[in-house]
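# Tertiary structure, described
Chain by chain, the residues:
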Amino acid sequence: MSTCTLELPGRAPIRFELDPALTVLDSAAKAGWELPHSCRRGNCESCRVQVLDGEMSPPAQNGTALLCTSRARGDIRLAVDRAEPVSTTTRKTVQARLYRLRMAAPDVAVVDLRFPAGVKVPFKAGQYLQVLLDGAEPRSFSMSNAPKSSDSVQLQVRVMPGSLFGERVLPSLKPGDPVTVELPLGDFYLREGPAPVIMVAGGTGFAPMQSILEDALARQKDRSFTLYWGARKADGLYALEQVKKWQQKFAHFRFVGVLSDDDSDHGMRRGLVHEAVLVDHAELAHHQVYVCGAPVLVSAARQAFTAQRDLPPGQFYADSFATVGSGSVLPSSA
Ligand SMILES: Cc1cc2nc3c(=O)[nH]c(=O)nc-3n(C[C@H](O)[C@H](O)[C@H](O)COP(=O)(O)OP(=O)(O)OC[C@H]3O[C@@H](n4cnc5c(N)ncnc54)[C@H](O)[C@@H]3O)c2cc1C
(Lines give C-alpha, C1' and ligand atoms only; values in the text may rest on other atoms or scores of the structure.)
Protein backbone atom coordinates (compact mmCIF):
# COMPACT_ATOMS: atom_id res chain seq x y z
CA MET A 1 0.00 0.00 0.00
CA SER A 2 1.39 3.45 -0.93
CA THR A 3 1.43 6.34 1.49
CA CYS A 4 0.91 10.06 1.19
CA THR A 5 2.87 12.49 3.38
CA LEU A 6 1.44 15.97 3.81
CA GLU A 7 3.87 18.77 4.69
CA LEU A 8 2.06 21.61 6.48
CA PRO A 9 3.34 25.03 7.52
CA GLY A 10 4.34 25.03 11.21
CA ARG A 11 3.00 21.51 11.90
CA ALA A 12 4.32 17.98 11.99
CA PRO A 13 3.77 16.10 8.72
CA ILE A 14 0.65 13.95 8.37
CA ARG A 15 0.94 10.49 6.84
CA PHE A 16 -1.93 8.30 5.54
CA GLU A 17 -2.44 5.26 3.34
CA LEU A 18 -3.58 5.85 -0.22
CA ASP A 19 -6.45 3.87 -1.72
CA PRO A 20 -5.38 3.20 -5.35
CA ALA A 21 -9.02 3.27 -6.48
CA LEU A 22 -9.56 6.82 -5.18
CA THR A 23 -8.32 10.29 -5.99
CA VAL A 24 -5.86 11.72 -3.46
CA LEU A 25 -8.63 14.03 -2.16
CA ASP A 26 -10.96 11.07 -1.53
CA SER A 27 -8.15 8.91 -0.11
CA ALA A 28 -7.37 11.68 2.38
CA ALA A 29 -11.07 11.92 3.33
CA LYS A 30 -11.23 8.13 3.80
CA ALA A 31 -8.23 8.43 6.14
CA GLY A 32 -10.00 11.21 8.07
CA TRP A 33 -8.38 14.31 6.57
CA GLU A 34 -10.17 17.11 4.77
CA LEU A 35 -7.90 18.98 2.36
CA PRO A 36 -8.74 22.31 0.67
CA HIS A 37 -11.10 21.71 -2.26
CA SER A 38 -14.23 23.05 -3.89
CA CYS A 39 -15.77 21.90 -7.21
CA ARG A 40 -14.37 18.30 -7.14
CA ARG A 41 -14.26 18.25 -10.95
CA GLY A 42 -10.90 19.82 -11.76
CA ASN A 43 -12.41 23.18 -12.72
CA CYS A 44 -11.83 25.56 -9.82
CA GLU A 45 -8.14 25.02 -8.90
CA SER A 46 -8.90 25.18 -5.14
CA CYS A 47 -7.18 21.83 -4.52
CA ARG A 48 -4.01 22.48 -6.52
CA VAL A 49 -0.97 21.52 -4.41
CA GLN A 50 2.77 21.26 -4.84
CA VAL A 51 4.05 17.71 -5.43
CA LEU A 52 7.34 17.47 -3.52
CA ASP A 53 8.06 13.78 -4.28
CA GLY A 54 6.48 10.94 -6.19
CA GLU A 55 4.43 10.46 -9.33
CA MET A 56 0.85 11.47 -9.97
CA SER A 57 -1.63 10.36 -12.58
CA PRO A 58 -2.24 12.50 -14.60
CA PRO A 59 1.38 13.68 -14.24
CA ALA A 60 2.07 16.83 -12.21
CA GLN A 61 2.33 20.05 -14.21
CA ASN A 62 5.02 22.53 -13.17
CA GLY A 63 5.37 20.48 -9.98
CA THR A 64 1.69 20.86 -9.05
CA ALA A 65 -1.41 18.67 -9.25
CA LEU A 66 -5.15 18.86 -8.57
CA LEU A 67 -6.08 16.55 -5.69
CA CYS A 68 -9.69 16.07 -6.84
CA THR A 69 -8.74 14.49 -10.17
CA SER A 70 -5.29 12.93 -9.46
CA ARG A 71 -4.32 9.51 -8.20
CA ALA A 72 -0.86 8.62 -6.88
CA ARG A 73 1.47 6.15 -8.55
CA GLY A 74 3.33 4.97 -5.44
CA ASP A 75 4.36 7.01 -2.40
CA ILE A 76 3.92 10.76 -2.65
CA ARG A 77 4.81 13.84 -0.58
CA LEU A 78 2.72 16.98 -0.96
CA ALA A 79 2.91 20.54 0.40
CA VAL A 80 -0.56 21.66 1.54
CA ASP A 81 -1.75 24.84 3.26
CA ARG A 82 -3.98 23.00 5.74
CA ALA A 83 -5.48 19.64 6.66
CA GLU A 84 -8.43 19.36 9.04
CA PRO A 85 -10.20 16.39 10.59
CA VAL A 86 -12.90 15.33 8.16
CA SER A 87 -16.37 16.73 8.80
CA THR A 88 -18.97 14.25 9.99
CA THR A 89 -21.83 15.43 7.78
CA THR A 90 -23.13 12.72 5.45
CA ARG A 91 -23.82 13.57 1.84
CA LYS A 92 -27.30 12.71 0.54
CA THR A 93 -29.17 12.85 -2.75
CA VAL A 94 -32.65 14.27 -2.22
CA GLN A 95 -35.59 14.96 -4.49
CA ALA A 96 -36.42 18.46 -3.31
CA ARG A 97 -39.38 20.48 -4.58
CA LEU A 98 -39.45 24.07 -5.71
CA TYR A 99 -41.20 26.15 -3.07
CA ARG A 100 -40.63 29.66 -4.39
CA LEU A 101 -38.71 31.41 -7.14
CA ARG A 102 -38.18 35.17 -7.33
CA MET A 103 -35.82 37.55 -9.06
CA ALA A 104 -33.69 39.61 -6.62
CA ALA A 105 -32.01 41.45 -9.52
CA PRO A 106 -32.49 41.29 -13.30
CA ASP A 107 -29.94 38.45 -13.42
CA VAL A 108 -30.15 36.87 -9.95
CA ALA A 109 -32.83 34.30 -9.06
CA VAL A 110 -33.51 33.35 -5.45
CA VAL A 111 -34.65 29.73 -5.34
CA ASP A 112 -36.27 28.14 -2.27
CA LEU A 113 -36.33 24.34 -2.23
CA ARG A 114 -38.05 22.14 0.36
CA PHE A 115 -37.05 18.58 1.17
CA PRO A 116 -39.73 15.85 1.42
CA ALA A 117 -41.54 15.59 4.76
CA GLY A 118 -39.29 14.07 7.42
CA VAL A 119 -36.09 14.44 5.37
CA LYS A 120 -33.38 16.56 6.95
CA VAL A 121 -29.92 17.16 5.54
CA PRO A 122 -27.62 18.97 7.98
CA PHE A 123 -24.98 21.20 6.41
CA LYS A 124 -22.48 23.77 7.56
CA ALA A 125 -23.20 27.41 6.77
CA GLY A 126 -21.18 28.21 3.63
CA GLN A 127 -21.30 24.76 2.00
CA TYR A 128 -22.82 24.08 -1.42
CA LEU A 129 -25.01 21.56 -3.24
CA GLN A 130 -25.16 20.15 -6.72
CA VAL A 131 -28.30 20.23 -8.82
CA LEU A 132 -28.41 16.92 -10.72
CA LEU A 133 -29.66 17.29 -14.28
CA ASP A 134 -30.49 14.44 -16.70
CA GLY A 135 -27.99 14.39 -19.54
CA ALA A 136 -25.85 17.28 -18.28
CA GLU A 137 -23.11 17.89 -15.75
CA PRO A 138 -24.32 18.77 -12.23
CA ARG A 139 -24.47 22.50 -11.41
CA SER A 140 -23.05 23.76 -8.09
CA PHE A 141 -24.79 26.40 -5.97
CA SER A 142 -24.07 27.52 -2.41
CA MET A 143 -26.79 27.40 0.20
CA SER A 144 -27.64 30.98 1.22
CA ASN A 145 -29.84 30.12 4.22
CA ALA A 146 -28.54 29.35 7.68
CA PRO A 147 -28.72 25.62 8.40
CA LYS A 148 -31.30 25.96 11.17
CA SER A 149 -33.95 23.42 10.31
CA SER A 150 -32.06 21.31 7.71
CA ASP A 151 -35.33 20.68 5.83
CA SER A 152 -34.99 23.34 3.13
CA VAL A 153 -32.36 25.27 1.22
CA GLN A 154 -32.19 28.62 -0.51
CA LEU A 155 -29.97 29.31 -3.53
CA GLN A 156 -28.99 32.56 -5.26
CA VAL A 157 -28.44 31.76 -8.93
CA ARG A 158 -26.80 34.06 -11.45
CA VAL A 159 -28.85 33.83 -14.66
CA MET A 160 -26.49 34.23 -17.59
CA PRO A 161 -27.58 34.41 -21.23
CA GLY A 162 -27.39 30.90 -22.69
CA SER A 163 -26.94 29.22 -19.32
CA LEU A 164 -28.50 25.80 -18.93
CA PHE A 165 -29.81 25.82 -15.36
CA GLY A 166 -30.20 29.58 -14.93
CA GLU A 167 -31.86 30.44 -18.21
CA ARG A 168 -33.42 27.20 -19.46
CA VAL A 169 -34.30 24.99 -16.50
CA LEU A 170 -35.26 27.51 -13.79
CA PRO A 171 -37.88 29.50 -15.74
CA SER A 172 -39.63 26.25 -16.70
CA LEU A 173 -40.11 25.21 -13.04
CA LYS A 174 -43.40 25.68 -11.19
CA PRO A 175 -43.90 25.48 -7.40
CA GLY A 176 -43.99 21.81 -6.42
CA ASP A 177 -41.80 20.63 -9.32
CA PRO A 178 -38.97 18.23 -8.37
CA VAL A 179 -35.34 19.36 -8.29
CA THR A 180 -32.82 16.65 -7.44
CA VAL A 181 -29.91 17.86 -5.33
CA GLU A 182 -26.88 16.32 -3.66
CA LEU A 183 -25.52 17.92 -0.48
CA PRO A 184 -23.60 19.03 1.48
CA LEU A 185 -20.31 19.59 -0.33
CA GLY A 186 -17.21 21.71 0.09
CA ASP A 187 -14.93 23.00 2.82
CA PHE A 188 -16.09 26.62 2.72
CA TYR A 189 -17.42 27.24 6.22
CA LEU A 190 -16.48 29.45 9.16
CA ARG A 191 -13.59 28.22 11.33
CA GLU A 192 -13.93 28.76 15.07
CA GLY A 193 -11.51 31.02 16.94
CA PRO A 194 -11.10 34.65 17.88
CA ALA A 195 -9.47 35.81 14.60
CA PRO A 196 -11.28 38.75 12.97
CA VAL A 197 -13.10 37.63 9.84
CA ILE A 198 -12.91 39.34 6.46
CA MET A 199 -15.38 38.17 3.83
CA VAL A 200 -15.01 39.09 0.18
CA ALA A 201 -17.91 38.32 -2.15
CA GLY A 202 -18.19 38.91 -5.86
CA GLY A 203 -21.78 38.91 -7.21
CA THR A 204 -23.62 35.75 -6.14
CA GLY A 205 -20.55 34.92 -4.04
CA PHE A 206 -22.73 36.70 -1.46
CA ALA A 207 -24.85 33.51 -1.09
CA PRO A 208 -22.58 31.48 1.24
CA MET A 209 -21.62 34.67 3.11
CA GLN A 210 -25.31 35.23 3.92
CA SER A 211 -25.55 31.69 5.28
CA ILE A 212 -22.44 32.13 7.42
CA LEU A 213 -23.42 35.57 8.73
CA GLU A 214 -26.98 34.54 9.61
CA ASP A 215 -25.56 31.57 11.45
CA ALA A 216 -22.64 33.27 13.20
CA LEU A 217 -23.39 36.94 13.93
CA ALA A 218 -25.71 36.28 16.87
CA ARG A 219 -23.44 33.58 18.35
CA GLN A 220 -19.97 35.05 17.89
CA LYS A 221 -20.28 38.54 19.35
CA ASP A 222 -16.62 38.80 20.43
CA ARG A 223 -15.38 38.52 16.89
CA SER A 224 -15.44 41.18 14.19
CA PHE A 225 -16.94 40.38 10.79
CA THR A 226 -16.34 42.66 7.80
CA LEU A 227 -18.13 41.92 4.53
CA TYR A 228 -16.77 43.39 1.31
CA TRP A 229 -19.30 42.80 -1.46
CA GLY A 230 -18.47 43.75 -5.02
CA ALA A 231 -20.53 43.96 -8.19
CA ARG A 232 -20.26 45.78 -11.49
CA LYS A 233 -23.41 47.90 -11.01
CA ALA A 234 -25.50 48.86 -7.96
CA ASP A 235 -28.29 46.37 -8.76
CA GLY A 236 -25.72 43.57 -8.44
CA LEU A 237 -25.73 44.17 -4.67
CA TYR A 238 -29.14 42.55 -4.60
CA ALA A 239 -29.57 41.96 -0.85
CA LEU A 240 -28.73 45.34 0.68
CA GLU A 241 -31.88 45.31 2.83
CA GLN A 242 -30.58 42.18 4.56
CA VAL A 243 -27.12 43.73 4.96
CA LYS A 244 -28.66 46.87 6.52
CA LYS A 245 -30.51 44.73 9.07
CA TRP A 246 -27.22 43.13 10.16
CA GLN A 247 -25.62 46.60 10.39
CA GLN A 248 -28.42 47.86 12.63
CA LYS A 249 -28.46 44.79 14.85
CA PHE A 250 -24.79 43.84 15.23
CA ALA A 251 -22.06 46.28 16.28
CA HIS A 252 -19.38 43.71 15.41
CA PHE A 253 -20.49 43.62 11.74
CA ARG A 254 -19.16 46.07 9.13
CA PHE A 255 -20.09 46.33 5.45
CA VAL A 256 -18.21 47.77 2.49
CA GLY A 257 -19.96 47.79 -0.90
CA VAL A 258 -17.72 48.12 -3.96
CA LEU A 259 -18.82 48.84 -7.55
CA SER A 260 -16.39 48.28 -10.42
CA ASP A 261 -18.38 49.73 -13.30
CA ASP A 262 -20.81 52.33 -11.98
CA ASP A 263 -20.11 56.06 -11.78
CA SER A 264 -23.38 57.11 -10.11
CA ASP A 265 -23.26 57.98 -6.44
CA HIS A 266 -24.71 55.06 -4.48
CA GLY A 267 -22.55 55.59 -1.39
CA MET A 268 -20.37 52.65 -2.43
CA ARG A 269 -16.66 52.50 -3.07
CA ARG A 270 -15.34 52.28 -6.63
CA GLY A 271 -12.94 49.66 -7.96
CA LEU A 272 -12.27 45.96 -7.48
CA VAL A 273 -13.60 44.38 -4.31
CA HIS A 274 -10.36 42.69 -3.16
CA GLU A 275 -8.46 45.95 -3.70
CA ALA A 276 -10.74 47.65 -1.16
CA VAL A 277 -9.46 45.13 1.40
CA LEU A 278 -5.87 46.02 0.50
CA VAL A 279 -6.63 49.72 0.96
CA ASP A 280 -8.16 49.12 4.42
CA HIS A 281 -5.62 46.63 5.80
CA ALA A 282 -1.85 47.07 5.98
CA GLU A 283 -1.52 43.47 7.17
CA LEU A 284 -3.72 40.39 7.46
CA ALA A 285 -1.40 38.10 9.42
CA HIS A 286 -3.93 37.51 12.19
CA HIS A 287 -7.16 37.44 10.16
CA GLN A 288 -9.22 34.68 8.63
CA VAL A 289 -10.23 35.59 5.08
CA TYR A 290 -13.18 34.03 3.19
CA VAL A 291 -13.52 34.73 -0.53
CA CYS A 292 -16.26 33.63 -2.90
CA GLY A 293 -17.03 34.47 -6.51
CA ALA A 294 -15.52 34.24 -9.98
CA PRO A 295 -12.24 32.29 -10.23
CA VAL A 296 -10.40 35.47 -11.28
CA LEU A 297 -11.44 37.18 -8.02
CA VAL A 298 -10.43 34.21 -5.88
CA SER A 299 -6.98 33.89 -7.43
CA ALA A 300 -6.30 37.66 -7.38
CA ALA A 301 -7.34 37.85 -3.72
CA ARG A 302 -5.29 34.80 -2.71
CA GLN A 303 -2.21 36.17 -4.44
CA ALA A 304 -2.53 39.73 -3.13
CA PHE A 305 -3.46 38.89 0.46
CA THR A 306 -0.74 36.26 0.97
CA ALA A 307 2.06 38.02 -0.94
CA GLN A 308 1.36 41.66 0.00
CA ARG A 309 -0.42 41.46 3.37
CA ASP A 310 1.20 38.42 5.06
CA LEU A 311 -2.02 36.39 5.25
CA PRO A 312 -0.94 32.80 6.08
CA PRO A 313 -2.16 30.64 3.14
CA GLY A 314 -3.86 28.27 5.62
CA GLN A 315 -6.12 31.15 6.74
CA PHE A 316 -7.45 31.83 3.25
CA TYR A 317 -10.71 29.97 2.55
CA ALA A 318 -12.45 30.20 -0.81
CA ASP A 319 -15.08 28.81 -3.12
CA SER A 320 -14.20 29.57 -6.69
CA PHE A 321 -17.43 29.78 -8.72
CA ALA A 322 -16.06 27.91 -11.71
CA THR A 323 -18.58 27.65 -14.53
CA VAL A 324 -19.43 24.29 -16.03
CA GLY A 325 -20.04 25.83 -19.46
CA SER A 326 -22.79 25.99 -21.99
CA GLY A 327 -21.72 22.96 -24.02
CA SER A 328 -23.92 20.50 -22.14
CA VAL A 329 -27.10 19.32 -23.77
CA LEU A 330 -30.28 18.81 -21.79
CA PRO A 331 -32.95 16.52 -23.24
CA SER A 332 -36.14 18.42 -24.06
CA SER A 333 -38.08 16.39 -21.46
CA ALA A 334 -36.02 17.77 -18.53
C1 LIG B 1 -18.50 25.36 -5.22
C2 LIG B 1 -19.29 26.24 -6.16
C3 LIG B 1 -20.35 26.99 -5.68
C4 LIG B 1 -21.08 27.80 -6.55
N5 LIG B 1 -22.10 28.55 -6.05
C6 LIG B 1 -22.80 29.38 -6.88
C7 LIG B 1 -23.87 30.20 -6.39
O8 LIG B 1 -24.22 30.17 -5.20
N9 LIG B 1 -24.51 31.01 -7.28
C10 LIG B 1 -24.15 31.07 -8.61
O11 LIG B 1 -24.78 31.85 -9.36
N12 LIG B 1 -23.15 30.31 -9.09
C13 LIG B 1 -22.48 29.46 -8.27
N14 LIG B 1 -21.47 28.69 -8.78
C15 LIG B 1 -21.17 28.76 -10.21
C16 LIG B 1 -22.13 27.86 -11.00
O17 LIG B 1 -22.06 26.53 -10.52
C18 LIG B 1 -21.72 27.84 -12.48
O19 LIG B 1 -21.68 29.15 -12.98
C20 LIG B 1 -22.65 26.96 -13.30
O21 LIG B 1 -21.98 26.69 -14.52
C22 LIG B 1 -24.00 27.61 -13.56
O23 LIG B 1 -24.77 26.69 -14.28
P24 LIG B 1 -25.78 27.16 -15.46
O25 LIG B 1 -26.32 25.90 -16.05
O26 LIG B 1 -26.73 28.19 -14.93
O27 LIG B 1 -24.83 27.90 -16.49
P28 LIG B 1 -23.93 27.14 -17.60
O29 LIG B 1 -24.80 26.55 -18.67
O30 LIG B 1 -23.00 26.21 -16.90
O31 LIG B 1 -23.10 28.34 -18.17
C32 LIG B 1 -23.34 28.91 -19.44
C33 LIG B 1 -22.46 30.11 -19.64
O34 LIG B 1 -22.96 31.18 -18.82
C35 LIG B 1 -21.90 31.86 -18.21
N36 LIG B 1 -22.11 31.80 -16.75
C37 LIG B 1 -22.96 30.97 -16.09
N38 LIG B 1 -22.95 31.25 -14.76
C39 LIG B 1 -22.07 32.24 -14.57
C40 LIG B 1 -21.60 32.95 -13.42
N41 LIG B 1 -22.05 32.69 -12.16
N42 LIG B 1 -20.69 33.91 -13.61
C43 LIG B 1 -20.22 34.19 -14.85
N44 LIG B 1 -20.62 33.55 -15.97
C45 LIG B 1 -21.52 32.58 -15.84
C46 LIG B 1 -20.63 31.23 -18.69
O47 LIG B 1 -20.12 31.99 -19.75
C48 LIG B 1 -21.03 29.89 -19.20
O49 LIG B 1 -20.21 29.48 -20.23
C50 LIG B 1 -20.74 27.85 -7.93
C51 LIG B 1 -19.70 27.07 -8.42
C52 LIG B 1 -18.97 26.26 -7.53
C53 LIG B 1 -17.84 25.43 -8.08
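These numbers were taken from a predicted model, which means no experiment stands behind them. (Residues numbered from 1 in each chain as written. Predicted model: local features only at pLDDT ≥ 70, side-chain atom pairs only at ≥ 80, totals over all residues.)

## Let's talk about the site of the ligand
Going by this rule: Being near a molecule or strand means, for a residue, that its C-beta atom, positioned from the backbone, comes within 6 Å of it. In DSSP terms, a helix is any run of H or I states spanning at least four residues, a strand is any run of E spanning at least two, and both are numbered starting from the N terminus. Polarity classes work like this: nonpolar for Ala, Val, Leu, Ile, Met, Phe, Trp, Tyr, Cys and Pro, charged for Asp, Glu, Lys and Arg, and polar for all others, with Gly in that last group.
Around the ligand lies a shell of 28 residues, among which Arg158, Ser163, Leu164, Phe165 and Gly166 are the nearest. Breaking the shell around the ligand down by element, the ones donating at least two residues are strand E11 (136-142), strand E12 (152-158) and helix H2 (164-169). Top contributing element to the shell around the ligand by residue count: E11, with 4 residues. Considering only residue class, the shell around the ligand consists of 13 nonpolar, 12 polar and 3 charged.

## What to know about the environment of Arg309
Stated formally: Each residue is classified by how many other C-beta atoms fall within 10 Å of its C-beta atom, where C-beta atoms are placed from the backbone; a count of 20 or more means buried, 12 or fewer means exposed, and values in between mean partly exposed. Once C-beta atoms are placed from the backbone, any two residues with those atoms within 7 Å are in contact.
Looking at where Arg309 falls in the secondary structure, it is placed in helix H6 (residues 295-309). Classification of Arg309 as partly exposed rests on a count of 16 C-beta atoms within 10 Å. Distance in space between the C-alpha atoms of Arg309 and Leu284 is 5.4 Å, their sequence separation being 25 residues. The residues contacting Arg309, other than those within four sequence positions of it, are Leu278, His281, Glu283 and Leu284.

## A few points about the pairing of strand E19 (residues 316-320)
Rules: Seen with its strands pointing away from the viewer, a crossover is right-handed when the path leading from the first strand over the helix to the second is clockwise.
Across the 5 residues of E19, 5 count as buried, placing the element largely inside the fold. Residues Phe316, Ala318 and Ser320 of E19 are buried on one face, and the alternating residues Tyr317 and Asp319, pointing to the opposite face, are buried as well. The parallel pair strand E18 (residues 288-293) and E19, bridged by H6, forms a crossover whose chirality is right-handed.

## Side note on the packing of helix H5 (residues 273-280) against H6
Rule in force here: Axis definition: a line fitted to C-alpha atoms, limited for helices to the stretch in contact. Angles are taken between N-to-C directions and run from 0 to 180 degrees. An angle below 35 degrees is treated as roughly parallel, one above 145 as roughly antiparallel, one from 65 to 115 as roughly perpendicular, and anything else as oblique. Crossing handedness: left-handed means the near helix sits turned counterclockwise from the far one by under a right angle, and right-handed means the same turn made clockwise.
Packing of H5 against H6 brings their axes to within 9 Å, and their N-to-C directions diverge by 15°. Judged by the angle between their axes, H5 and H6 are roughly parallel. The two elements H5 and H6 meet at a crossing, and its hand is right-handed. For the pair formed by H5 and H6, the contact residues are Val273, His274 and Leu278 on the first element and Leu297, Ala300, Ala301, Ala304, Gln308 and Arg309 on the second. A breakdown of the residues in the contact of H5 with H6 according to their chemical character gives 6 nonpolar, 2 polar and 1 charged.

## A look at the domain arrangement of the protein
The criterion, for reference: An automatic or database domain assignment supplies the residue ranges for each domain.
Along its sequence, the protein is organised into domain 1 (3-85), domain 2 (92-185) and domain 3 (197-320). The centre of domain 1, based on its C-alpha atoms, is set 29 Å off from the matching centre of domain 3. With 7 residues of domain 1 at the contact, the number on the domain 3 side is 7 residues. Considering only residue class, the side of domain 1 that touches domain 3 consists of 2 nonpolar, 2 polar and 3 charged.

## Examining the pairing of strand E4 (residues 48-57)
Keep this limit in mind: Whether two strands pair depends on DSSP finding at least two bridges between them.
Two strands pair when backbone bridges link them, and E4 and strand E5 (residues 64-66) are joined in this way by 3 bridges, in the antiparallel orientation. Paired with Gln50 across the two strands is Thr64, which belongs to E5. Linking two consecutive strands that pair antiparallel, namely E4 and E5, is a turn of 6 residues; a positive phi of about 50° is found at Asn62 within it. Direction of pairing for E4 relative to strand E6 (residues 71-79): antiparallel, over a ladder of 6 bridges. What sits directly across from Asp53, in E6, is Arg77.

## Some words on the nonpolar core
Test applied: Any nonpolar core is a set of buried residues, restricted to Ala, Val, Leu, Ile, Met, Phe, Trp, Tyr and Cys, that join up through C-beta atoms within 7 Å.
Core analysis: the biggest nonpolar cluster contains 67 residues, and Met199, Val200, Tyr228, Val289 and Val291 have the highest contact counts within it. Among the elements that make up this core, the one with the highest residue count is helix H3 (residues 206-216) (6 residues). Composition of this core by domain shows at least three residues from each of domain 2 (92-185) and domain 3 (197-320). Residue contacts for Val289: discarding those within four places in its chain leaves Ile198, Val200, Leu284, Phe305, Leu311, Gln315 and Phe316. If you look at the next biggest cluster of nonpolar residues, it comprises 20 residues, including Leu6, Cys68, Ala72 and Ile76.

## Focus: H6
Which entries qualify depends on this criterion: For a helix, the expected span equals 1.5 Å multiplied by the residue count minus one. The arc under discussion is defined with respect to the helix axis, by the directions toward the C-beta atoms.
Taking 1.5 Å per residue, 15 residues should reach 21 Å; H6 reaches 20 Å between its end C-alpha atoms and fits that length. Every buried residue of H6 is accounted for by Leu297, Val298, Ala301, Arg302 and Phe305. Taken down its axis, H6 places every buried residue within 130° of arc, on the same side. Of the exposed residues in H6, the ones pointing more than 90 degrees away from its buried face are Val296, Gln303 and Ala307. Where H6 is buried, its residues meet strand E14 (197-202), H5, E18 and E19.

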